[in-house]
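Spelled out, the chains give:
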Amino acid sequence: MFPSHMKKIKLTLIVLTIDALLLVGQFALTTSRATDGDRLAKLNQLQAELNDQNQNLRLEVYNLSSLPSISAKASAANFAPANTVAWTPPPVALAP
Amino acid sequence: MTKRTNWLLLLFCLFGLTIALRLLYWQVWQSVNLSTQASLEHTSSVELSSGRGDILSADNFALVTNSLNYLLYVDPRQFPKTTAVLNQMAPFFDSTASAQENLITAQNSNLHWFAIAHSLSPPQKTGLEQLKIPGLGFEPEPGRTYPEGSSSAYLLGFVGQNTAGQDQGYFGLEGFYNRELSGRPGQLIQEHDAFNRPIVIGDDYRLSPQPGHSLVTSIDRTVQFTITRHLADAISKYHAEGGTVSVMDPITGRILGMASLPGYDPANFGDYSPDLYRNPIISDAYEPGSTFKTVVMASAIDAGVVTPETTCPTCSGPVTIDGDTIVSGDGHYYPNTSMPDIILHSDNIGMVFVSRQLGKTKMLNYIRRFGFGQLTGVDLQEESSPSLKPDDQWHDIDWATASFGQGVAVTRLQMLRAVSAIANLGKLPTPHLVTQIISQDTVKNLPDPQPQQIISPSAASAVTQMMIRGVNNGEVRYYKPSGYLIAGKTGTAQIPVAGHYDPNRVISSFIGFAPADNPKFAMLVTLDNPKPSQWGSTTAAPTWFGIASDLFRYFGIPPYN
């Protein structure tokens, strides 16, 4: 009778220990995964921000190198539009 | 005792049955609804934007690209009701008046959400955020931006929303190539936790977005900028109501630039009248006036009914047809004038002679052969073509006046295309803009459409010589850049209104190509009702030559002497 009772207690302790270990393991695993999820969310947000920055820089480059922008800057710097003058030489040599 | 026990047993059984039925209801009957509700609570579905394709110039510079703008809104319950806040925010708005008015309205409102301004740029958003004013909020607002400004508005069109609330291109290239430019949006379905963080070991489903294709066009942004600047100057100088300039490569049919003023800003198209959305160069009909003489003369020479040496025996005075008298435009008559002189003097009576030599049927056939009365095929959405009357409805007076460009309606692009055929030794090009369609991993080259031979090269050369002579010896010679061979023709067309011509309004034009012996570009300039001079020779022609001088320099074309 006594050994059988001891066996039951032992078994109960083993089961309780396994339960506790599994509980701790599950807790550790979910914490780890939750941290990964948090990191993933932050990385997604960072990616979106970088994409926006990239897009804005691209637009800034376009705006700075557009002809209306360059023309306005040239005018502000007192550059005048070029004027082509075609010189037609006289048909015969002129005597001095 | 047994009876009471039985009742109790029955009660328990009923209670158990009720629970079982209830469980059956939730687990089986409502399982789909509950699963859906649960799924909605811990999964999120996000549409992944595909991004519309860019429209690029010939040098691969973006004429239109995507931009991320923001809608500014306020929560009036939190927004401070002071004028100091309005003054703080004022420098960040382009259209201060409208946004400020909305802010004042919001301050007096009891709503929870009030839109203040659309299309704020990221720097504007950052600046406003730094003010840390309570109640301000932003929502992303994807849009299109135009780095080269609005000068190409008529070529590009704009993007609005259709009745289903989806982005759709309207007018110009955005409208014509809407299917290619629109991408296919993707979708991301992902499980998330209570803090909206993705669950890594959860189920997710991702359908990758397919971005829209980008278009490479033949638009040369230097040409586009040059013609827009010259056109604005000309409208101001000649007090015109509006005007257009179109430039085309007459050999390939590629459109190099196209400008029309007054125009609209495609980024803010809603601020303009819808009447301004249509490109007048491809959709508005006008009477070409004397520029049309080149087409009729080329037809007559090709048909062999006249030669450059032919003289006009009926050109000594006005001509009467069906009771109507046709007079010279400037009151001068040139007895026994030659064909080149008819073009030089822009002689209406001489053109009536030419049309009589050609005959009605042949002349109408040639007009159709030059592409009038039909679409040019340009890849812009809103192209239309005025129809030509059936042959049996052309009275004698009609085809007589048509010979000098009156009583026949064309679009500006049809006219430019027809003169390009003369420049291209009789081959009629098809105007077009897109040369490449670029997708994620492929580049599709679109070949130039094959031009069709409509008149003989010798006829085209003969008319080219007449046009060169007209430029070198006509009234426009004073404006011509020296040292260049230019073929051109002026036009001053009256505007038909309610069965007669408006005595006070004209469309002045100049059409031509250069260098005439190896054409690099064909160009048409039109000015609506210029003042005080209404003649094409003193308004449109100087504008044409001014643009041509800049284009010679840009293309590196030296003077021939």
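Here is a short report on the structure shown in this document. (Residues numbered from 1 in each chain as written. Chains lettered and ligands numbered in written order. Predicted model: local features only at pLDDT ≥ 70, side-chain atom pairs only at ≥ 80, totals over all residues. Heavy atoms only, no water.)

**Describing the overall build of chain B**
Here is step 1: Secondary structure summary: chain B contains 18 helices and 23 strands in total.
Here is step 2: Relative to the compact-globule value of 24 Å for 561 residues, chain B shows a C-alpha radius of gyration of 34 Å, a clear excess of over 25%.
Here is step 3: Pairs at least 24 residues apart make up 72% of the contacts formed inside chain B by residues separated by at least 6 positions.
Here is step 4: When the accessible area of chain B is evaluated, it comes to approximately 26,000 Å², of which 54% is carbon and sulfur surface.
Here is step 5: Across chain B, 37 positive and 48 negative side-chain charges occur, with their mean positions spaced 3 Å apart. (Helix = DSSP H or I, 4+ residues; strand = E, 2+ residues; numbered from the N terminus. Rg over C-alpha atoms; globule rule 2.2 N^0.38 Å. Contact = heavy atoms within 4.5 Å. Areas by Shrake-Rupley, 256 points an atom, 1.4 Å probe, with all protein chains shown as cover. Lys, Arg positive; Asp, Glu negative; His and termini not counted. Charge placed at Lys NZ, Arg CZ, Asp CG, Glu CD.)

**Observations regarding the pairing of strand E10 (residues 214–217) of chain B**
Residues and elements named next belong to chain B.
Here is step 1: Residues Ser 214 and Val 216 point to one face of E10 and Leu 215 and Thr 217 to the other, with burial holding for every one of them.
Here is step 2: Pairing analysis gives 2 bridges linking strand E2 (residues 55–56) to E10, with the strands arranged parallel. Bridge pairing links Ile 55 to Leu 215 in E10.
Here is step 3: In this sheet, strand E18 (residues 434–438) lies alongside E10 in antiparallel orientation, the contact comprising 4 bridges. Note that in E18 the partner of Ser 214 across the bridge is Ile 438. (Buried < 20%, exposed > 50% of the residue type's maximum accessible area, 1.4 Å probe, protein only. Pairing = 2+ DSSP bridges.)

**Structural notes on a nonpolar patch on the surface**
Here is step 1: Nonpolar side chains collect at one region of the surface, where B:Trp7, B:Leu10, B:Leu14, B:Leu17, B:Leu21, B:Leu24 and B:Val28 lie side by side and expose about 730 Å² of accessible area between them.
Here is step 2: Take B:Trp7: its relative accessible area is 57%, and that puts it in the exposed class. (Patch = residues over 30% accessible without salt bridge, like charges linked within 9 Å, V, L, I, M, F, W, Y side chains within 5 Å. Salt bridge = Lys/Arg side-chain N within 4 Å of Asp/Glu carboxyl O.)

**Re the packing of aromatic side chains**
Residues and elements named next belong to chain B.
Here is step 1: The full count for this structure, using the stated rule, is 23 aromatic pairs over all chains.
Here is step 2: In textbook terms, an aromatic cluster arises when at least three aromatic residues are bridged by ring pairs, as seen for Tyr 154, Phe 158, Tyr 170, Phe 171, Tyr 264, Phe 269, Tyr 272 and Tyr 277.
Here is step 3: The positively charged end of Lys 125 is found above the aromatic ring belonging to Tyr 70, 4.7 Å away from the centroid.
Here is step 4: Here the basic side chain of Lys 125 rests over the ring of Phe 138, its NZ or CZ set 5.8 Å away from the ring centre. (Phe/Tyr/Trp six-rings, centres within 6.5 Å; stacked < 30°, edge-to-face > 60°. Lys NZ or Arg CZ within 6 Å of the ring centre and 35° of its normal.)

**Considering the sheet that holds strand E12 (residues 255–261) of chain B**
Residue and element names in this part refer to chain B.
Here is step 1: Strand order in the open sheet formed by 5 strands is E12-E11-E23-E22-E21, with antiparallel pairing between adjacent strands. The open sheet terminates on both sides in strands that have one partner only, identified here as E12 and strand E21 (487–497). The sheet shows a mean angle of 10° between the axes of neighbouring strands, taken without regard to direction.
Here is step 2: Relative to E12, strand E11 (residues 242–248) runs antiparallel, the two sharing 6 bridges. (Axes fitted to C-alpha atoms, helices over the stretch in contact; angles between N-to-C directions.)

**Structural notes on helix H18 (residues 540–555) of chain B**
Residue and element names in this part refer to chain B.
Here is step 1: With 16 residues, H18 should reach 22 Å at 1.5 Å per residue; the first-to-last C-alpha distance of 22 Å fits that figure.
Here is step 2: Of the residues making up H18, those classed as buried are Ala 540, Ala 541, Pro 542, Thr 543, Trp 544, Phe 545, Ile 547, Ala 548, Asp 550, Leu 551 and Phe 552.
Here is step 3: Contacts made by the buried residues of H18 are with helix H9 (221–237), E11, helix H17 (457–473), strand E22 (500–514) and strand E23 (521–528).
Here is step 4: Just downstream of H18, Gly 556 is the residue with a positive phi angle, here 70°. (Expected span 1.5 Å × (residues − 1).)

**Description of the nonpolar core**
Residue and element names in this part refer to chain B.
Here is step 1: The biggest cluster of nonpolar side chains holds 91 residues, and the ones touching the most others in it are Met 297, Val 354, Phe 370, Phe 372, Met 415 and Phe 513.
Here is step 2: The biggest single contributor to this core is helix H16 (residues 412–423), with 8 residues.
Here is step 3: Each residue touching Met 297, except ones within four places of it in the same chain, is listed here: Val 306, Met 339, Ile 342, Ile 343, Met 351, Val 354, Val 463 and Met 466. (Core = buried A, V, L, I, M, F, W, Y, C linked by side-chain atoms within 4.5 Å.)

**Focus on the side chain of B:Ser509**
Here is step 1: Structurally, B:Ser509 can be placed in strand E22.
Here is step 2: Residue classification places B:Ser509 among the buried positions, given a relative accessible area of 1%.

**Considerations on the pattern of salt bridges**
All names here are of chain B.
Here is step 1: A complete count under the given rule lists 17 salt bridges over all chains for this structure.
Here is step 2: A salt bridge links Asp 398 to Lys 389; its shortest N-O distance comes to 3.0 Å.
Here is step 3: For Lys 389, a relative accessible area of 30% translates into the label partly exposed.
Here is step 4: Arg 553 is the salt-bridge partner of Asp 550, the closest N and O atoms lying 2.6 Å from each other. In this pair, Asp 550 and Arg 553 are both assigned in helix H18, 3 residues apart and thus about one turn of the helix distant.
Here is step 5: With relative accessibility at 33%, the residue Arg 553 sits in the partly exposed group.
Here is step 6: Each member of the salt-bridge network shares a partner with another, and the members are Arg 52, Arg 144 and Glu 174.

**Things to note about the environment of B:Gln130**
Residue and element names in this part refer to chain B.
Here is step 1: Inspection of the secondary structure assignment puts Gln 130 in helix H5 (residues 122–130).
Here is step 2: A relative accessible area of 61% places Gln 130 in the exposed class.
Here is step 3: In sequence terms Gln 130 and Ser 299 are 169 residues apart; their C-alpha atoms lie 70 Å from each other.

**Looking at unusual backbone geometry**
Residue and element names in this part refer to chain B.
Here is step 1: The residue after Ala 514, namely Pro 515, is reached through a cis peptide bond having omega -20°.
Here is step 2: Looking at the secondary structure, you find Pro 515 in the loop between E22 and E23.
Here is step 3: A positive phi is found at His 239, a non-glycine position, where the angle reads about 50°.
Here is step 4: Here His 239 lies in the loop between H9 and E11.

**Considering helix H14 (residues 360–369) of chain B**
Residues and elements named next belong to chain B.
Here is step 1: Within H14 the residues assigned to the buried category are Met 363, Leu 364, Tyr 366 and Ile 367. The arc that holds the buried residues of H14, viewed along the axis, is 160°, so those residues lie on one side.
Here is step 2: On its buried face, H14 is in contact with helix H11 (293–303), helix H13 (348–358) and helix H15 (396–402).
Here is step 3: A positive phi of about 95° marks Gly 371, the residue just after H14. (Arc of directions from axis to C-beta.)

**Description of the side chain of B:Gln224**
Residue and element names in this part refer to chain B.
Here is step 1: Along the chain, Gln 224 turns up in helix H9.
Here is step 2: Here Met 258 takes part through its backbone oxygen, which lies 2.8 Å from a polar atom of the side chain of Gln 224.
Here is step 3: Dropping the residues within four chain positions of it, Gln 224 is found in contact with Ser 151, Ser 152, Leu 155, Ile 219, Gly 257, Met 258 and Ala 259. (Polar contact = N/O pair within 3.5 Å; in protein donor to acceptor, adjacent residues only side chain to side chain.)

**Quick notes on the state of the cysteines**
Residue and element names in this part refer to chain B.
Here is step 1: Overall, the coordinates contain 1 disulfide over all chains when judged by the stated rule.
Here is step 2: Disulfide pairing is shown between Cys 312 and Cys 315; the S-S distance is 1.9 Å. Disulfide Cys 312-Cys 315: torsion about the S-S bond near 90°, hence right-handed. Across the pair, Cys 315 and Cys 312 agree in class, each one buried. (Disulfide = S-S within 2.5 Å.)

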